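So the chains spell out like this:
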Amino acid sequence: MIHFAIPALLFAHLTIAQVIIIAEPKTNVTILSPKSICTFDTPADGVKLDRKELDAAVGELKGSITDLQFGALSAALSHSKIKDKKEAAMFMAHIWHNSAGLKEKRELYCMVDLERCKEPYKGALPGRVYYGRGYMSLATEGNYREASQALFKDDRLLKNPELVAEDECISWRVAIFFWERNVQDAAKSGKFGETTKRVNSAECASGDKAANDIARRRFGYYKVFLKAFGVKEEEAKEEGCY
């Protein structure tokens, strides 16, 4: 399972504060800021999120989403295989949980003490540590390689794994890559628990109340996003996990 040449002159008049500049649709380029450019080789026929709806969901969850985060998320989803808001709500519920409300994109265990992560997450390239990064926590050298080849047809994420945490476009694209590879077929069942089993099967352990309570928290987030996205509450099916 996967754990998870724009001319310089174009940016001459931009500042970091000026985000969310969308290029012509046919170019498949979204410029979020001079330091964050999303490029795609897939059509923009994925789900389109409404900023007010998303703000309503994260507001109810006592959180927030920045312009940069929304711009990258919106661009990545529009070029994804996620086609409807019900599945988008499932995706966002797991993202919200895994990233502590869109605040964390690095494995906290390794942030506390990087030394203890060097051995289990080492790779062939010297100095690289492939611990969990991104909104869906991409981890291990093999998974970085697979994601890099699938998304960019090169080894940029192997050479610079920090891109998964630092580049907002890449963070969201890697999360969607994980979802499409490992979770999307389960999402089509309509049972949220089935998606939890794919994201973190340990939370679905039979008889483990503490683990099951974490899975129930994910389902609670799902209902919040589902309501904000205008999907009927009865569409929320909890089955498939505990």
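A brief report on the enclosed structure follows. (Residues numbered from 1 in each chain as written. Predicted model: local features only at pLDDT ≥ 70, side-chain atom pairs only at ≥ 80, totals over all residues. Heavy atoms only, no water.)

## Examining the packing of helix α11 (residues 192-199) against helix α12 (residues 209-228)
Where α11 meets α12, the axes come as close as 10 Å, and the angle between the chain directions of the two elements is 125°. On the basis of their axis angle, the class for α11 and α12 is oblique. The two elements α11 and α12 cross, and the hand of that crossing is right-handed. Across the interface between the two elements, F192, T196 and V199 from α11 touch A215, R218, F219 and Y222 from α12. Looking at the contact of α11 with α12 residue by residue, the classes come out as 5 nonpolar, 1 polar and 1 charged. (Axes fitted to C-alpha atoms, helices over the stretch in contact; angles between N-to-C directions. Helix = DSSP H or I, 4+ residues; strand = E, 2+ residues; numbered from the N terminus. Parallel < 35°, antiparallel > 145°, perpendicular 65-115°, else oblique. Left-handed = near helix turned anticlockwise from the far one by under 90°. Contact = heavy atoms within 4.5 Å. Nonpolar A, V, L, I, M, F, W, Y, C, P; charged D, E, K, R; others polar.)

## Brief notes about the state of the cysteines
Applying the stated criterion across every chain, the model contains 3 disulfides. In this model C38 forms its disulfide with C169; the gap between the sulfur atoms is 1.9 Å. A torsion of -85° about the S-S bond marks the disulfide between C38 and C169 as left-handed. Of the two residues, C38 sits in strand β3 (residues 36-39) while C169 sits in helix α9 (residues 168-182), which places them 131 residues apart along the sequence. Of the two residues, C38 and C169, both sit in the buried class. Here C110 connects covalently by a disulfide to C117, the sulfurs 2.0 Å from one another. On the sign convention where negative means left-handed, the S-S torsion of about -90° between C110 and C117 marks this disulfide as left-handed. Once the disulfide-bonded cysteines of the protein chain are ranked by sequence position, their pairing pattern turns out to be 1-4, 2-3, 5-6. (Disulfide = S-S within 2.5 Å. Buried < 20%, exposed > 50% of the residue type's maximum accessible area, 1.4 Å probe, protein only.)

## With respect to the nonpolar core
In summary, soluble globular proteins display a tendency toward joint burial of nonpolar side chains. One finds L54, L73, F91, W172, Y222, F225 and F229 to be the most contacted residues of the largest nonpolar core, which totals 47 residues. When contributions to this core are tallied by element, the ones reaching two or more residues are α1 (51-60), α2 (67-78), α3 (85-98), α9, α11 and α12. Tallying contributions element by element places α3 first for this core, with 8 residues. Those residues within four positions of F229 in sequence are excluded, and the remaining contacts are L49, E53, L54, K85, A88, A89 and M92. (Core = buried A, V, L, I, M, F, W, Y, C linked by side-chain atoms within 4.5 Å.)

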